[in-house]
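An overview of the molecular structure
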Amino acid sequence: MQPRIPATIWALGLVSLCMDMSSEIIHALLPVFLVSTLGVSALTLGIIEGLAESTALILRVFSGAISDYWGRRKGLLLLGYGLAALSKPLFPLAHSAETVLAARLMDRVGKGIRGAPRDALVADVAPPEIRGACFGLRQSMDTCGAFAGPLLGIALMFWLADDIQQVLWWACLPALLAVLLLAAGVREPDGGERKPFRSPLRLALLRRFSGRYWWIVAIGALFTLARFSEAFLVLLAQRHGLPLSWLPLVMVVMSLVYALTAYPVGVLADRFSKSALLAVGLLILILADATLALSGSVAVTLAGIALWGLHLGFTQGLLATLVAEETPAEMKGTAFGLFNLVSGLCLLLASVLAGWMWDRHGSASTFVAGGTLAVLALATTLLWHCRERRLAGQAA
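This text gives an overview of the structure that appears in the document.

Cut-offs and rules
Residues numbered from 1 in each chain as written. Predicted model: local features only at pLDDT ≥ 70, side-chain atom pairs only at ≥ 80, totals over all residues. Heavy atoms only, no water. Helix = DSSP H or I, 4+ residues; strand = E, 2+ residues; numbered from the N terminus. Buried < 20%, exposed > 50% of the residue type's maximum accessible area, 1.4 Å probe, protein only. Contact = heavy atoms within 4.5 Å. Areas by Shrake-Rupley, 256 points an atom, 1.4 Å probe, with all protein chains shown as cover. Salt bridge = Lys/Arg side-chain N within 4 Å of Asp/Glu carboxyl O. Expected span 1.5 Å × (residues − 1). 1 Å grid on protein atoms, 1.4 Å probe; cavity = no way out; pocket = protein on both sides within 12 Å on 5 of 7 lines; lining within 4 Å. Points joined across faces, edges and corners; volume = space filled by probe spheres on them. Nonpolar A, V, L, I, M, F, W, Y, C, P; charged D, E, K, R; others polar. Patch = residues over 30% accessible without salt bridge, like charges linked within 9 Å, V, L, I, M, F, W, Y side chains within 5 Å. Phe/Tyr/Trp six-rings, centres within 6.5 Å; stacked < 30°, edge-to-face > 60°. Lys NZ or Arg CZ within 6 Å of the ring centre and 35° of its normal.

Bringing the overall build of the chain into the picture now. The secondary structure content of the chain amounts to 16 helices and zero strands. Across the 396 residues in the chain, those meeting the buried criterion constitute 59%. If you take every contact in the chain between residues at least 6 apart in sequence, the share linking residues at least 24 apart comes to 85%. Total accessible area on the chain stands at roughly 15,300 Å², and carbon and sulfur atoms take up 67% of it.

Structure follows, in structure tokens:
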């Protein structure tokens, strides 16, 4: 009989659900607020989103290492989720792109602090036999919040007569609930004794990771280059005629498909080749980019966005599972941190490139470039898959 998913995984899922509900209310409306109300360019939007999201990923290398050497995860989670909650009121108060950038950076610093320790805590408490299911469940609950947030945003936009700033105030409530749930409901296993912090970027430490781990890092980097900020999905939907009140529908569609697929794919990952499933996810991303590049209507754009959500369901929890499997228990936080450091640098480059392409060559070029990079990521994944099968055959 397989073990049950631990209560801590469920609690972390609820925390993620509430915080994502808050964040996605904001993210569903922020691109249009910046471009239409504050008058920034697509390139500036890409820089803001790239800096914010890459900051979150880069900081994970240090938060993960701290959690490994400290032997505790929950304190960093409270700090990270707390900062994110404190940033939410800055969005409705913003009257310039600089204020929005400051709020986004504060929010993403919080995400950067909590991300690697949270993934490491999942790896700590998840039974090995169902580790993929545990990561998939937490990811699904996270994405349920990302679905519920924009849905609530649509209702609030109708209720408040398209007053975006008033809607942004409501996003503060689920963020506060997330912090309360974390404080009361998350338990972690007993940690080891405290150790002094040492840089996770030491050469001797990096050599302890396997070659398979570095393959996963390389594939994750290429994948991130191909997957820029979802803010451009919102802009594309508006360009093709989606009314302002319905703009959060972009995140609803994407997150619903994501939530419905993340857990089943996590279960499949415990039984089938993870590299093959990752390749399927990249094929879906290529199809999504092609659909969005060729779209000329709201219906086709939403179909492309649904495919975008499907590729997220196939890849996000899977990449986390692969990292968890290829690292020793005492270094999982560091491993997730290094993975996200590389991904963060790539995400910054991807979002700036997406904004530049949008301004210079039109919206379709942004998705053509993304699809081209996804083809490169797919080729690398297939190469790794063939290598894994060859090594397995030699071992047999």
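Okay, back to it.
Our focus in this paragraph is the pattern of salt bridges. The tally for this structure, following the rule as stated, stands at six salt bridges. Ionic pairing is found between Glu49 and Arg104, a salt bridge with its closest N-O pair at 2.7 Å. A residue pair is termed long-range when its members are at least 10 positions apart, and Glu49 in helix H2 (residues 42-70) and Arg104 in helix H5 (residues 97-125) qualify at 55 residues. Of the two residues, Glu49 and Arg104, neither departs from the other in class, the shared state being buried. Of the charged contacts, one joins Asp107 and Arg108 as a salt bridge, the two residues approaching to 2.6 Å between their closest N and O atoms. Both residues of the pair, Asp107 and Arg108, belong to the buried class. Residues joined in a network through salt bridges with shared partners are Glu49, Lys88, Arg104, Asp107 and Arg108.

What follows deals with helix H10 (residues 211-226). Between its terminal C-alpha atoms H10 stretches 23 Å, which fits the 22 Å expected from 16 residues at 1.5 Å a residue. All buried positions along H10 are accounted for by Tyr213, Ile216, Val217, Ile219, Gly220, Ala221, Leu222, Phe223, Thr224, Leu225 and Ala226.

Before going further, it helps to examine empty space enclosed by the protein. Throughout the structure, instances matching the rule amount to two cavities of 30 Å³ or more. In this structure, the second largest cavity occupies an estimated 40 Å³ of space. In terms of lining residues, the second largest cavity is bounded by Leu225, Phe228, Ala350, Leu353, Ala354, Thr366, Ala369, Gly370 and Leu373. Of all the secondary structure elements, the ones that give two or more residues to the lining of the second largest cavity are helix H15 (332-361) and helix H16 (363-395). With four residues, H16 is the largest single contributor of residues to the lining of the second largest cavity. Residue composition of the lining of the second largest cavity, by class: seven nonpolar, two polar and no charged.

What follows concerns a nonpolar patch on the surface. A grouping of Leu90, Leu93, Trp159, Trp169, Trp170 and Leu173 is seen on the molecular surface, where their side chains present a nonpolar patch of about 640 Å² in accessible area. Every element with two or more residues in the nonpolar patch is listed here: helix H4 (90-93) and helix H7 (164-170). For Leu90, a relative accessible area of 30% translates into the label partly exposed.

To continue, consider the packing of aromatic side chains. Throughout the structure, instances matching the rule amount to seven aromatic pairs. Look at Phe228 and Phe232: their rings are 5.9 Å apart centre to centre, the planes differ by 90°, and that puts the pair in the edge-to-face class. Residue Phe228 is classed as buried on the basis of its relative accessible area, which comes to 3%. With 5.8 Å between their ring centres and 40° between their planes, Phe232 and Trp358 make a pair best called tilted. Taken together, the residues span a long stretch of sequence, with Phe232 in helix H11 (residues 231-239) and Trp358 in helix H15 at a distance of 126 residues. Look at Trp358 and you get buried, because its relative accessible area is 7%. Within the aromatic cluster, the residues linked to one another by ring pairs are Phe228, Phe232, Trp308, Trp358 and Phe367. Its guanidinium or amino end placed over the ring of Tyr81, Arg114 lies 4.3 Å from that ring's centre, counting from NZ or CZ.

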